[in-house]
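Remarks on the overall topology
The chain contents come next:
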Amino acid sequence: MSNRANTNIVVCDDFDAASRHVASRIANAIATTPKIVLGLATGSTPVGTYRELVHLHHEGKLSFANVTTFNLDEYIGLGPEHPQSFRSFMQQQLFDHVNVDARRTHVPNGLADNPATEGKIYEDSIVAAGGIDLQLLGIGSNGHIAFNEPGSPRDSRTRAVDLTPSTVEANSRFFDSIDDVPKLAITMGIGTIMEAKQIILMACGQGKAEAVARSIEGSVDESIPASHLQLHGDVTYVLDIQAASKLSAIDTIVNRDV
Ligand code: GLP
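Here is a short report on the structure shown in this document. (Residues numbered from 1 in each chain as written. Predicted model: local features only at pLDDT ≥ 70, side-chain atom pairs only at ≥ 80, totals over all residues. Heavy atoms only, no water.)

Using the criterion set out here, one finds eight salt bridges in the structure. Put simply, Asp16 and Arg51 hold a salt bridge, and the shortest N to O gap is 3.6 Å. In this pair, Asp16 is assigned in helix H1 (residues 15-32) and Arg51 in helix H2 (residues 47-58), connecting sequence segments 35 residues apart. Ionic pairing is found between Glu210 and Lys246, a salt bridge with its closest N-O pair at 3.4 Å. Separated by 36 residues along the polypeptide, Glu210 in helix H7 (residues 209-217) and Lys246 in the segment after strand E10 (235-240) bring together distant segments of the chain. Taken together, the shared-partner salt bridges in this structure form one network comprising Glu123, Arg157 and Glu195. (Salt bridge = Lys/Arg side-chain N within 4 Å of Asp/Glu carboxyl O. Helix = DSSP H or I, 4+ residues; strand = E, 2+ residues; numbered from the N terminus.)

Structural data, given as structure tokens:
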């Protein structure tokens, strides 16, 4: 049985509206708590959100001066300078364009000699920063969050993981060839993510509709990692109409007030 009643759902007209909505939630959170600790995600989904945040910063409406960030994951084997690393992605999409202090931006080290040690260091850094206040998530079409693939335990922590063939294929669009996509990653665990005080999961497009519906309305099950979020007390799904299309009662929750 699902805990849908625990989940806030906002359905926006399209990707741009969803991006504006998520950005305004993040901007409001920074305005309320300037020393906020943000958990950040990579992928196509948050690109519009980061664009909006950069825009708000350039308009003088948003300062990252006291913000700390922790990214969810990184490919094992790619260094920070590698163009397809998640560190590069974050620099290009957000960090290089706002006034965040580089020393307060954290992405797992994909070149760590010992990923288990790196996982522990990363967890300790999150704790030392006071824990994550607001975590932004995307979702894989198989229901993964960060790189927690189906089967990831609810109490999993930051660790090295194998990527499923479907995730490698999905992410191959960012690489010249599928053979170049790393097969291993270091990722925050489900247990790590569940400790964030507040979570926003953003999903857009028909390809996410099944995973979104099963995550919100299915049972909590390791085969759909995002379903664990039903057990978190403060999760908001921000969806476009396509990603929401397999939810029941969608017409009662459409929110155009972005
Ligand atoms: C990746 C990331 C996730 C992301 C997901 C969806 O593999 N590790 O953090 O949420 O895939 O990506 P996209 O937003 O490009 O669909």
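This part takes up the pairing of strand E8 (residues 184-187). Bridge count between strand E4 (residues 73-75) and E8: three bridges; the pairing is antiparallel. Note on E8: the bridge partner recorded for Glu74 is Ile186. Bridge count for strand E7 (residues 159-162) against E8 is four bridges, and the pairing is antiparallel. Looking across to E8, one finds that Val161 is bridged to Ala185. (Pairing = 2+ DSSP bridges.)

Before going further, it helps to examine the environment of Thr117. Looking at the element boundaries, Thr117 is found in helix H4 (residues 115-128). Taking relative accessible area as the criterion, Thr117 reaches 40% and is therefore assigned partly exposed. Distance from Thr117 to Thr236, taken between C-alpha atoms, is 32 Å for residues 119 residues apart in sequence. (Buried < 20%, exposed > 50% of the residue type's maximum accessible area, 1.4 Å probe, protein only.)

Around the ligand, 13 residues are found, and the nearest of them are Ser44, Thr45, Asp73, Arg173 and Lys208. Separating an oxygen atom of the ligand from a side-chain N or O atom of His144 is a distance of 3.2 Å. Backbone polar atom of Ala146 to a nitrogen atom of the ligand: 3.1 Å apart, as the coordinates give it. Within the complex, the protein chains bury 93% of what would otherwise be the 390 Å² of accessible surface of the ligand. Per-class residue counts for the shell around the ligand are three nonpolar, seven polar and three charged. (Near = heavy atom within 4 Å. Polar contact = N/O pair within 3.5 Å; in protein donor to acceptor, adjacent residues only side chain to side chain. Areas by Shrake-Rupley, 256 points an atom, 1.4 Å probe, with all protein chains shown as cover. Nonpolar A, V, L, I, M, F, W, Y, C, P; charged D, E, K, R; others polar.)

It is at 10 Å that the axes of H2 and helix H3 (residues 86-93) come closest, and there the two elements cross at 40°. With respect to H3, the axis of H2 lies oblique. Between H2, through Val47, Tyr50 and Val54, and H3, the contact on the second element is made entirely by Phe89, Met90 and Gln93. Of the residues that constitute the contact of H2 with H3, the class distribution is five nonpolar, one polar and no charged. (Axes fitted to C-alpha atoms, helices over the stretch in contact; angles between N-to-C directions. Parallel < 35°, antiparallel > 145°, perpendicular 65-115°, else oblique. Contact = heavy atoms within 4.5 Å.)

On to the packing of aromatic side chains. Summed over all chains, the structure comprises five aromatic pairs. Note on Tyr75 and Phe86: the rings are 4.7 Å apart at their centroids and 40° apart in plane angle, and the pair reads as tilted. In this pair, Tyr75 sits in strand E4 while Phe86 sits in helix H3, placing the two residues eleven residues apart along the sequence. Look at Phe86 and you get buried, because its relative accessible area is 10%. With centroids separated by 5.7 Å and ring planes inclined at 80°, the aromatic side chains of Tyr75 and Phe175 adopt a geometry described as edge-to-face. A residue pair is termed long-range when its members are at least 10 positions apart, and Tyr75 in strand E4 and Phe175 in the loop between helix H5 (165-171) and E8 qualify at 100 residues. Each member of the pair, Tyr75 together with Phe175, is buried. Among the aromatic residues, ring-to-ring pairing joins Tyr75, Phe86, Phe147 and Phe175 into one connected group. (Phe/Tyr/Trp six-rings, centres within 6.5 Å; stacked < 30°, edge-to-face > 60°.)

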